[in-house]
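Now for the letters of each chain:
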Amino acid sequence: MKNFEIMVAISTTIQENDRDTAVMALSDSINIDGNAYLYDVDIYDVKGQGDFIGKVTLTSTDSDIESFSINNLISFEHHEIINAKIEQIAPAYS
């Protein structure tokens, strides 16, 4: 199993400094169509009122980033998330 980090820019209705609610919204909203599983979610950066950069770590059986990107369709749906855009996908190194 390998871990992959996904950086996600999200616009929300959440108050600027409410990191816990943002983490919960991101965790609860992820939809994965493929062979990846949620490992961890964190807020990487607060960009402004309701705008965050989230770091989502997924565990997958895919051996490289190209296979991971092809084999896993990832989306985010939650009533507090207005927009979510994947900015970057990279292997996670321990």
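Quantities reported herein were computed from a predicted structural model and do not represent experimental measurements.

Describe the sheet that holds strand β4 (residues 51–60), listing the residues and the values that go with them.
Read from one edge of the open sheet, four strands run β3-β4-β1-β6, paired in antiparallel fashion. Each edge of the open sheet carries a strand with a single partner, namely β3 (36–48) and β6 (81–91). The mean angle between the axes of side-by-side strands here comes to 25°, regardless of whether they run parallel or antiparallel. Pairing geometry for strand β1 (residues 2–12) and β4, over 10 bridges, is antiparallel. What sits directly across from M7, in β4, is K55. The sheet strands contacting helix α1 (residues 19–29) are β1, β3, β4 and β6, and the helix crosses β3 at an angle near 140°.

So what's going on with the environment of L58? Which residues, and what values?
When you line up the elements, L58 lands in strand β4. Its relative accessible area of 0% is what places L58 among the buried residues. Spatially, the C-alpha atoms of L58 and T13 are 25 Å apart, while their sequence positions differ by 45 residues. Excluding residues within four positions of it along the chain, L58 makes contact with K2, N3, F4, I6, I30, I32, A36, Y37, L38, Y39, F68 and I74.

Just give me the short version of the pairing of β3, but keep the residues and values in it.
Alignment of β3 against β4, held across 10 bridges, turns out to be antiparallel. Across the sheet, residue Y37 finds its bridge partner in β4, namely T59. The turn linking β3 back onto β4 is made up of two residues, and G50 within it adopts a positive phi angle of 80°.

So what's going on with the nonpolar core? Residues and values would help.
The biggest cluster of nonpolar side chains holds 19 residues, and the ones touching the most others in it are I6, L26, V56, L58, F68, I74 and F76. Breaking this core down by element, the ones donating at least two residues are β1, α1, β3, β4 and β5 (73–76). In terms of residue count, the dominant contributor to this core is β1 (four residues). If near-sequence neighbours (up to four positions away) are discounted, I6 is found in contact with G54, K55, V56, L58, F68, I74, I86, Q88 and I89.

Reading the values: rules and limits
- Residues numbered from 1 in each chain as written.
- Predicted model: local features only at pLDDT ≥ 70, side-chain atom pairs only at ≥ 80, totals over all residues.
- Heavy atoms only, no water.
- Pairing = 2+ DSSP bridges.
- Helix = DSSP H or I, 4+ residues; strand = E, 2+ residues; numbered from the N terminus.
- Axes fitted to C-alpha atoms, helices over the stretch in contact; angles between N-to-C directions.
- Contact = heavy atoms within 4.5 Å.
- Buried < 20%, exposed > 50% of the residue type's maximum accessible area, 1.4 Å probe, protein only.
- Core = buried A, V, L, I, M, F, W, Y, C linked by side-chain atoms within 4.5 Å.

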